[in-house]
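Residue-level structure breakdown
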Amino acid sequence: MPLINSKTGKNYKTYSVKELEEAANLMRGYSLIALGAAGSGHSGGTLSLMDVAAALYLHEASLDPASPFWPDRDRIFWSAGHKAPILYAGLGMAGFFDIEEMVTLRKLHSPFQGHPHWLKLEGIEASSGSLGQGLSISVGDALAARLDKKNYRVYCLMGDGEQQEGQVWEAAMEACHYGLDNLCGIVDKNRLQIDGRVDDVMCIDPLTDKYRAFGWHVIEIDGHDMKEILGAFKEARETKGKPSLIIAHTTKGKGIDFMEDVAGWHGKAPSIEQLRDALKQLGLDTKLPVEKLLKKAAVYQDKVTRELEAKQPKFSQNYFWNTAEIMKAQMVPTRTGFGNALAEHGDDPRIVCLGADISDSITISQFYKEHPHRAERWLSVGIAEQSGTCVAAGLAKEGKLPIFGTYGVFASGRNLDQLRTTVCYGNFNVMIAGAHGGVSVGADGATHQALEELFQMCGLPNMHVEVPCDAVETKRATEYLLFNVIGPKYIRFAREATPVVTDNSTPYKWGEANVIRFRGENANFKDAFEHRLASDYKDEGEDVAIIACGPSAVEAMRAAWILKQEYNLETRVLNIHTVKPLDEKAIAQAARDCGVVVTAEEHQIGGLGNLVAAAIGRSVEVYGNPVIIGMIGVQDRFGESGFPWELVKEFELSAEHIAAKAKSLHELKLSRG
């Protein structure tokens, strides 16, 4: 069925094959412009499935753009949420909104999030981003149609690498068991995923035979041949008694010579120069209003920036990173410290690293990239976090030192039961690396911003938890955890470049906090501070204590600078790099000495803060001493798309917000004598 007016029953427009091909080409162009304007995103898969999407949104699915949630509409679920630009282009081309609006892709407060969010944009059926979940929700929706005696069809678009997730096959069994002939799955078989060719990462073939063995009707097509696409949809629609799967053989980066069949373009956006070249190759350089759209994106960004800055706490000068002539900081992603440690120590034959398809992104690939002789100890498990966690446990049982790493949202949440039951209950010596912690992950948005790991990991018996503050400390923490901590261990680190504030001479002791004191402005930010082990520190009569972990400890240092320069307040910063076991003695001492405590974390509020408050509450040393406690963290909300440092400000996690909180609590303390 083509696009339909649900009130009159009349078609809005019926597309010919040629018009669908032209629409797909235009959708490629709009998506590329949006990706280029965003400066981030997933170009390769966006281009590979565009022909199928054009046929689905403009010809196959029964949709009414004037009534996005018309009860009898067909449902389209994007399990491969990283291909969000296709979804937006499809909805825009179908008339759900002005397609030019999608040029605000991935920008702060835009409805066009890095991964789709159904509460922000009408026409999206469900939020997605964590792979492998879309087919299950599609099964549920198809079952609801049966229960409600509705005739709508349900479509689920997946990637081929996504077939490595076990949940896909649970849903595949369910769909067959219930004979869901109103369900049509679509696999974009472009043969590439982040880590390379699907066959090399974790082979999924023979995919056709597997689905047929699960009781599905399978149709294989050229995913760029519009006639074959339309024919496949018709065949699926006419198949009764079982679900259908269309396997669309496509080319990643289709239509752009420098993108086609290149794995590196999976999660990469074109530069403006590359964008102009790409549009020329598509024959769209003069057909689309490129300059107008880029200007539209820039105007939107300027507006967002002004509004964001207007909300920030104000001081007598700008203290933000590297804006002054002094206090300069070297910015390095903390994740590099993890990779550097593996590169340096990987010759130990006990070490086995397990990759989950995002190996370069989290730097675990540094283990083998320049060291080919380690290849046999590099095991790719594909997009399979639950199994990978238990594989690591099996290796640990036999004396290996396994390291399993992926984004923190998947390393601590998707596999939580496996961590609890297999790894922690068995007390196996498994190291889990949770990368991309916090909102500073940036434009990928909420589904990829890890904000709950401390609740999950610190609640597991036998688990050790480390949250280092910079790249250097991350390297040292990785080394210590790997060789000195026996049992389950979790290290959390960030994606974005953050200031380096330590070096190899900085005190570091597992399980013990560092006290950091501002000693006066310096040419280099790092040199303006003194670090001591908490056990070696003597009270200096500070006015406030800021207790922080991870990159928030670095923001706490900048807050100490602000508090001294603006209000002549002295601050004791505690860097709680080891969150479990917690240095309760240092926390209690800071609370008793200062009387004002502010916790800071790039995490849901309370992940660290609640632990600190509990430590203060049960400390005999603090009994009878009034202590005022405040917390800085994400205020019980999900993240969203935006530039990394925009999000640190938007979620009120920056040094400016820490300093403002500390100052207000100090004033409260003074007012109460």
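Residues numbered from 1 in each chain as written. Predicted model: local features only at pLDDT ≥ 70, side-chain atom pairs only at ≥ 80, totals over all residues. Heavy atoms only, no water.

1. A closer look at the packing of helix H1 (residues 17-38) against helix H11 (residues 290-310)
- One way to put it is that H1 packs onto H11 with a least axis distance of 10 Å and a crossing angle of 40°. As judged from the angle between their axes, H1 and H11 are oblique. At the point where H1 passes H11, the crossing takes the right-handed sense. The segment H1 lies against H11, with Tyr30, Ile33 and Ala37 engaging Val290, Leu293, Leu294 and Ala297. (Axes fitted to C-alpha atoms, helices over the stretch in contact; angles between N-to-C directions. Helix = DSSP H or I, 4+ residues; strand = E, 2+ residues; numbered from the N terminus. Parallel < 35°, antiparallel > 145°, perpendicular 65-115°, else oblique. Left-handed = near helix turned anticlockwise from the far one by under 90°. Contact = heavy atoms within 4.5 Å.)

2. Some details on the pairing of strand E11 (residues 351-355)
- With five of five residues buried, E11 lies mostly within the body of the structure.
- Neither face of E11 is exposed, since Ile351, Cys353 and Gly355 on one face and Val352 and Leu354 on the opposite face are all buried.
- Where E11 lies against strand E13 (residues 401-407), five bridges are found, and the strand directions are parallel. Across the sheet, cysteine 353 pairs through a bridge with isoleucine 403, a residue of E13.
- Sheet topology note: the E11/strand E12 (residues 378-380) ladder contains three bridges and is parallel. Paired with leucine 354 across the strands is leucine 379, a residue of E12. (Buried < 20%, exposed > 50% of the residue type's maximum accessible area, 1.4 Å probe, protein only. Pairing = 2+ DSSP bridges.)

3. Side note on the packing of aromatic side chains
- All chains considered together, the criterion is met by 21 aromatic pairs.
- Centre to centre, the rings of tyrosine 319 and tryptophan 561 are 4.8 Å apart; their planes meet at 85°, and the pair counts as edge-to-face. Residue tyrosine 319 is located in the loop between H11 and strand E10 (331-333), and its partner tryptophan 561 is located in helix H19 (residues 551-567); the two are separated by 242 residues in the primary sequence. No difference in accessibility class separates tyrosine 319 from tryptophan 561, as the two residues are buried.
- Measuring from centroid to centroid gives 6.4 Å for phenylalanine 525 and tryptophan 561, while their planes differ by 70°, and the two rings are edge-to-face. A residue pair is termed long-range when its members are at least 10 positions apart, and phenylalanine 525 in the loop between strand E18 (514-518) and strand E19 (529-533) and tryptophan 561 in helix H19 qualify at 36 residues.
- Here the aromatic residues Phe315, Tyr319, Trp321, Phe518, Phe525, Phe529, Trp561 and Tyr567 are joined through ring pairs into a cluster of three or more.
- Its end group placed over the ring of tyrosine 15, lysine 13 keeps NZ or CZ at 4.8 Å from the ring centre.
- The ring of phenylalanine 320 is capped by lysine 649, whose NZ or CZ atom sits 4.3 Å from the centre of that ring. (Phe/Tyr/Trp six-rings, centres within 6.5 Å; stacked < 30°, edge-to-face > 60°. Lys NZ or Arg CZ within 6 Å of the ring centre and 35° of its normal.)

4. Digging into the nonpolar core
- Among the nonpolar cores identified, the biggest contains 71 residues, and Ile33, Ile76, Trp78, Tyr88 and Phe233 are the most heavily contacted of them.
- Among the elements that line this core, the one with the most residues is H1, at 10 residues.
- Ignoring anything within four residues of it in the chain, the contact list for phenylalanine 233 reads Val52, Ala55, Leu56, Glu60, Tyr155, Ile186 and Ile246.
- By size, the runner-up hydrophobic cluster in this structure holds 49 residues, among which are Leu451, Phe525, Ile546 and Leu653. (Core = buried A, V, L, I, M, F, W, Y, C linked by side-chain atoms within 4.5 Å.)

5. Describing a negative patch on the surface
- Taken together, the side chains of Asp257, Glu260, Glu273 and Asp277 define an acidic patch exposed on the protein surface.
- Position of aspartate 277 among the secondary structure elements: in helix H10 (residues 272-281). (Patch = residues over 30% accessible without salt bridge, like charges linked within 9 Å, V, L, I, M, F, W, Y side chains within 5 Å. Areas by Shrake-Rupley, 256 points an atom, 1.4 Å probe, with all protein chains shown as cover. Salt bridge = Lys/Arg side-chain N within 4 Å of Asp/Glu carboxyl O. Lys, Arg positive; Asp, Glu negative; His and termini not counted. Charge placed at Lys NZ, Arg CZ, Asp CG, Glu CD.)

6. A short note on the sheet that holds strand E9 (residues 244-249)
- One open sheet accounts for five strands, arranged E3-E4-E5-E9-E8; its pairing is parallel. Among the strands making up the open sheet, the edge pair consists of strand E3 (75-78) and strand E8 (217-222). Across the sheet, the axes of successive neighbouring strands diverge by a mean angle of 20°, strand direction being ignored.
- Looking at chain direction, strand E5 (residues 183-189) and E9 are connected through six bridges and run parallel. Residue aspartate 188 lies in a different strand from E9, and its bridge partner there is alanine 248.

7. Some details on helix H12 (residues 335-345)
- Those residues of H12 lying buried are Arg335, Gly337, Phe338, Gly339, Ala341, Leu342 and Ala343.
- Among the structural elements, E10, E11, helix H13 (359-362), E13, strand E14 (431-435) and helix H18 (471-484) are those in contact with the buried residues of H12.

8. Some remarks on the environment of aspartate 160
- Within the secondary structure, aspartate 160 sits in the loop between strand E4 (154-159) and helix H6 (166-177).
- Taking relative accessible area as the criterion, aspartate 160 reaches 3% and is therefore assigned buried.
- The spacing of aspartate 160 and lysine 189 is 29 residues in sequence and 5.0 Å in space, taken between C-alpha atoms.
- Setting aside its immediate chain neighbours within four residues, aspartate 160 contacts Val187, Asp188, Lys189, Asn190, Arg191, Leu192, Val198 and Ile204.
- Looking at aspartate 160, its side chain comes within polar contact range of the main-chain nitrogen of asparagine 190, at 3.1 Å. (Polar contact = N/O pair within 3.5 Å; in protein donor to acceptor, adjacent residues only side chain to side chain.)

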